[in-house]
Amino acid sequence: MFKFVNQHLKKQKYKFLIFIILSYILNSIFLISPLITGKMFDILSTELSFSILSTYIKIFAFLQISSIIINYFLYKLNIYIQTKITFSINCIVVQHFQNVILNQINDLDTVYVNQRINHDSNNIAAFTINAYTNIGIQAIIVILSTLYLLKTNNKIALFLILIILFYILLYAIFKKKLYEMSLLFKEAQSKFFGTLNEQLENIYFLQIHSMRRMFIEKLLKHFDTFFNKIIFSQRFFYFYQSLDSVITTITQICIYLFGGLNVINGQIKIGEFTIITSYFQYILSGVTYFSDLAKNYQDTLTSYNRLKEYIELPSLKNGEVYIPKIKSITLQNLSFSRGDKKILDSIDYCFSVGNIYGITGENGSGKSTLINLLLGLNPYEYSGEIFYNDINIKNLDMNRIRLHNISVIEQFPYIFDGTVSENIFLGPEYDTNYIHDFFNLPSLKTLKMDQTIYKDGHTLSGGEKQKIALLRLFAKNTELLVLDEPTNFLDTSTVKFLKKYLISQKSNKIIIISSHNKEMKEIFDFILPL
């Protein structure tokens, strides 16, 4: 886990070094403060002097003001470093998701995944900063405080050593259970937030079908499951923390009793007793810190393992061969199954430049699946072969080919926040010169290039979204055009124009269309029925 975080922490190494140095300075002040206070009490108990009191007050004030200033900078640095590391981890996981094989993520609840990634990344970042900074500090404080007590009163020191050993035994007993309860809590929390978001994302569906009661009942059912798991896990955490509190309380009573008797018997001075009790508290705090660290380590390990599940999802692997022009696509004995269901069965076919190909079939016949296979998006889950220009698709750099050589309109086009222009021209491969003819369409007059789109295009009609997607397709001007149900929501005049435009473009392109529209079938040169 630490090796994983280190690659992100390295980017903040200088700020983190300053953070550690300031932390050690701050804790050095905490460590010497009891000595100064105790010595002041002992001196004042034998020699009443305003000048001595004034000196100690100035030293104490200087140390406290220094602590406040250092704490301010530590707070700022901690927020900065933790936020940067969390974002860096988020980016790594999201970048991996962008390259994961589609069927691995199609059924995932994106809200659940998002909440899980963000929470776990933040948890790992916070724990790592704390561990790297405070393990050394707390160890030094415990060791130096113990050495002081050994020198002053070895019976108290030995008693504390026994307490430390007991804490270690306690963690060893509950280690596995801490991990299991932490995992139970995190999973229940993430799943519930996924269900909660479902209620908010589907307001239109809920209202149009008057399904409020059903949705609330579903939410309550998931809450009951979530609540029971939370109570169960928190009950265990409370039990573990209560054991810690009981041990701490018994230890404090013993120290105060033992130390108080020594003061009464004149074996130690009041100032020395305050030093002993302060260092005892430091030792106890250090032991408690390591006890909590052990619990938090199991909690953070859960977060790391959950992130690791996502990072290890199988990803698309590209070959190294790039072809500047796509001249043909050949399928040889291509088959695809999902579970026991055969989706595609032994397809032999060839797509070549200069033709418009129609892929037809009933819903669920495998049209979208075939398109995904042609685009190289399910590279390990089919049998048979796919060739581009007689080169096996597995040897091709399909990322680069999809970027430069293929234009696609999806069945449900994605519209993001931004202007209409930004939604059409996605990169340098896109050019306005290729879509001049489209702007003569009366139905496009309402679309302005500088018009701002919000919330996944909710302010646009279905037809307007489809037209933006078509403009995006043609603005790229590649030799392979793939259109999945391109006439969805389009008016009759736009469908007619689209047919004419596709025919005018086909001489130097391969055009593949998946459609139920009868009018589109009129322009198909060849049909591949599924």
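Look up: the structure comes first, before these words.
Residues numbered from 1 in each chain as written. Predicted model: local features only at pLDDT ≥ 70, side-chain atom pairs only at ≥ 80, totals over all residues. Heavy atoms only, no water.

Focus on the sheet that holds strand S11 (residues 526–529)
Thinking step 1. Sheet architecture is open: 5 strands sit in the order S6-S9-S10-S3-S11, paired in parallel fashion. The strands lining the two open edges of the sheet, one partner per strand, are strand S6 (406–409) and S11. For this sheet, the mean angle separating the axes of adjacent strands, direction not counted, is 15°.
Thinking step 2. Bridging between S6 and strand S9 (residues 480–484) involves 4 bridges; their strand directions are parallel. Across the sheet, isoleucine 406 pairs through a bridge with leucine 480, a residue of S9.
Thinking step 3. Its contacts with the sheet put helix H12 (residues 462–476) on S6 and S9, and the angle it makes with S6 is roughly 175°. (Pairing = 2+ DSSP bridges. Helix = DSSP H or I, 4+ residues; strand = E, 2+ residues; numbered from the N terminus. Axes fitted to C-alpha atoms, helices over the stretch in contact; angles between N-to-C directions. Contact = heavy atoms within 4.5 Å.)

Concerning the packing of H12 against helix H13 (residues 492–505)
Thinking step 1. H13 packs onto H12 with a crossing angle of 10° between their chain directions and a minimal axis gap of 13 Å. Overall, the two elements H12 and H13 adopt an arrangement that is roughly parallel. Mapping the contact onto sequence places Lys467, Leu470 and Phe474 in H12 and Thr494, Leu498, Tyr501 and Leu502 in H13.
Thinking step 2. Considering only residue class, the contact of H12 with H13 consists of 5 nonpolar, 1 polar and 1 charged. (Parallel < 35°, antiparallel > 145°, perpendicular 65-115°, else oblique. Nonpolar A, V, L, I, M, F, W, Y, C, P; charged D, E, K, R; others polar.)

Topic: the sheet that holds strand S5 (residues 391–392)
Thinking step 1. Across the sheet, which stays open at both edges, the 4 strands sit in the order S2-S1-S4-S5 with antiparallel pairing between neighbours. The open sheet has two edge strands with one neighbour each: strand S2 (341–352) and S5.
Thinking step 2. Sheet topology places strand S1 (residues 328–338) next to S2; 8 bridges connect them, and they run antiparallel. Pairing of phenylalanine 336 across the sheet is with leucine 344, part of S2.
Thinking step 3. Helix-sheet contacts for helix H9 (residues 367–374) involve S1, S2 and strand S4 (382–388), and the interaxial angle to S1 is about 125°.

Observations regarding unusual backbone geometry
Thinking step 1. Of note, the phi angle at asparagine 333 is positive, near 50°, even though the residue is not glycine.
Thinking step 2. Of note, asparagine 333 is situated in strand S1.
Thinking step 3. By relative accessible area, which is 43% here, asparagine 333 ends up partly exposed.
Thinking step 4. At asparagine 389, a residue that is not glycine, the phi angle is positive and equals roughly 50°.
Thinking step 5. Checked against the element boundaries, asparagine 389 lands in the loop between S4 and S5. (Buried < 20%, exposed > 50% of the residue type's maximum accessible area, 1.4 Å probe, protein only.)

Quick look at the pairing of S4
Thinking step 1. Here S1 runs beside S4; their pairing, made up of 6 bridges, is antiparallel. Considered in S4, the bridge of threonine 330 is made with phenylalanine 387.
Thinking step 2. In this sheet, S5 lies alongside S4 in antiparallel orientation, the contact comprising 2 bridges. Across the sheet, the residue bridging to tyrosine 388 is isoleucine 391, located in S5.
Thinking step 3. In this antiparallel pair of consecutive strands, S4 and S5, the connection spans 2 residues, and asparagine 389 shows a positive phi of 50°.

Points about the layout of surface pockets
Thinking step 1. The computed volume of the largest pocket comes to approximately 1000 Å³.
Thinking step 2. In terms of lining, the largest pocket is formed by 29 residues, of which the most central are Leu375, Leu377, Arg402, Val408 and Glu410.
Thinking step 3. Elements with a contribution of two residues or more to the lining of the largest pocket: H9, helix H10 (398–404), S6 and H12.
Thinking step 4. Of all the elements, S6 adds the most residues to the lining of the largest pocket, at 4 residues. (1 Å grid on protein atoms, 1.4 Å probe; cavity = no way out; pocket = protein on both sides within 12 Å on 5 of 7 lines; lining within 4 Å. Points joined across faces, edges and corners; volume = space filled by probe spheres on them.)

Remarks on the pattern of salt bridges
Thinking step 1. Inspection of every chain in the model, using the stated rule, returns 7 salt bridges.
Thinking step 2. Here lysine 308 and glutamate 312 are joined by a salt bridge, their closest N and O atoms 3.9 Å apart.
Thinking step 3. The exposure class assigned to lysine 308 is partly exposed, which follows from its relative accessible area of 33%.
Thinking step 4. Taking the relative accessible area as the measure of exposure, glutamate 312 reaches 53% and is therefore exposed.
Thinking step 5. For aspartate 491, the salt bridge identified is with lysine 467, shortest N-O distance 3.2 Å. (Salt bridge = Lys/Arg side-chain N within 4 Å of Asp/Glu carboxyl O.)

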